[in-house]
Amino acid sequence: FNGQSHGIVTLRQAFAESYNQATVRLAQEVGNANVIEVARRFGIEGELKDTPSLALGPSEVTLLDMTEAFAALALGRMPVSATGIETLRFGEEGQALGVTG
C-alpha cells in the first residue's frame, strides 16, 4: 500500500507479515492450477477462481474448510475431516442433554 517492496524475504516472513506481493509472486511461479490442487488436498471444497488475486484469498471458504486445512498443517498430514457442532444443550444441572451437528 505504500509503494515499497520489502526486498528478498523468506516465505515464512512473507506469510507472517502478510506481504501480498510475495504471495502473489509465488502463486504466479507455481501456477494457480497447482495452488487450487493443493487447496483441494487440504480440504478446501468451495469455488476457487483462477484469477491473479487467488493467492490473496478472494474466494469464500467455510469455517469448516479452514479448520480442516489448518489442522492438516498442524498435524503434518492430510486430509483431516472436521465435524461442526450446530447445537449444544445443557440441562439445569450442567449435564449435556444432546449434541447435534
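All values reported here derive from a predicted model rather than from experimental measurement.

A.B. asks: Any details on the overall build of the protein chain? Residues and values, ideally.
C.D. replies: The helix and strand inventory of the protein chain stands at 4 helices and 2 strands. Scored against the burial criterion, the 101 residues of the protein chain give a buried share of 18%. If you take every contact in the protein chain between residues at least 6 apart in sequence, the share linking residues at least 24 apart comes to 20%. For the protein chain, the accessible area works out to roughly 8,100 Å², and carbon and sulfur atoms hold 54% of it.

A.B. asks: Requested: an account of the environment of M66, with residues and values cited.
C.D. replies: Structurally, M66 is set in helix α4 (residues 63–75). Remark: the alpha-carbon pair of M66 and F42, spanning 24 residues in sequence, is separated by 8.8 Å. M66 has contacts with I44 and V61, leaving out every residue within four places of it along the chain.

A.B. asks: Can you lay out the environment of G43 for me, pointing to particular residues and giving the numbers?
C.D. replies: With respect to the helices and strands, the residue G43 is situated in the loop between α3 (32–41) and α4. Along the backbone, G43 and M66 are 23 residues apart, and their C-alpha atoms lie at a distance of 7.9 Å. Ignoring sequence-local partners within four residues, the contact set of G43 consists of D65 and E68.

A.B. asks: If you had to explain the nonpolar core to someone new, which residues and values would you point to?
C.D. replies: Formed by I36, A39, F42, I44, L48, L54, A69, A72 and V80, the largest nonpolar core amounts to 9 residues. Of all the secondary structure elements, the ones that give two or more residues to this core are α3 and α4. Among all residues touching I44, those that are not within four sequence positions of it are A39, V61, D65, M66 and A69.

Cut-offs used in this document
- Residues numbered from 1 in each chain as written.
- Predicted model: local features only at pLDDT ≥ 70, side-chain atom pairs only at ≥ 80, totals over all residues.
- Heavy atoms only, no water.
- Helix = DSSP H or I, 4+ residues; strand = E, 2+ residues; numbered from the N terminus.
- Buried < 20%, exposed > 50% of the residue type's maximum accessible area, 1.4 Å probe, protein only.
- Contact = heavy atoms within 4.5 Å.
- Areas by Shrake-Rupley, 256 points an atom, 1.4 Å probe, with all protein chains shown as cover.
- Core = buried A, V, L, I, M, F, W, Y, C linked by side-chain atoms within 4.5 Å.

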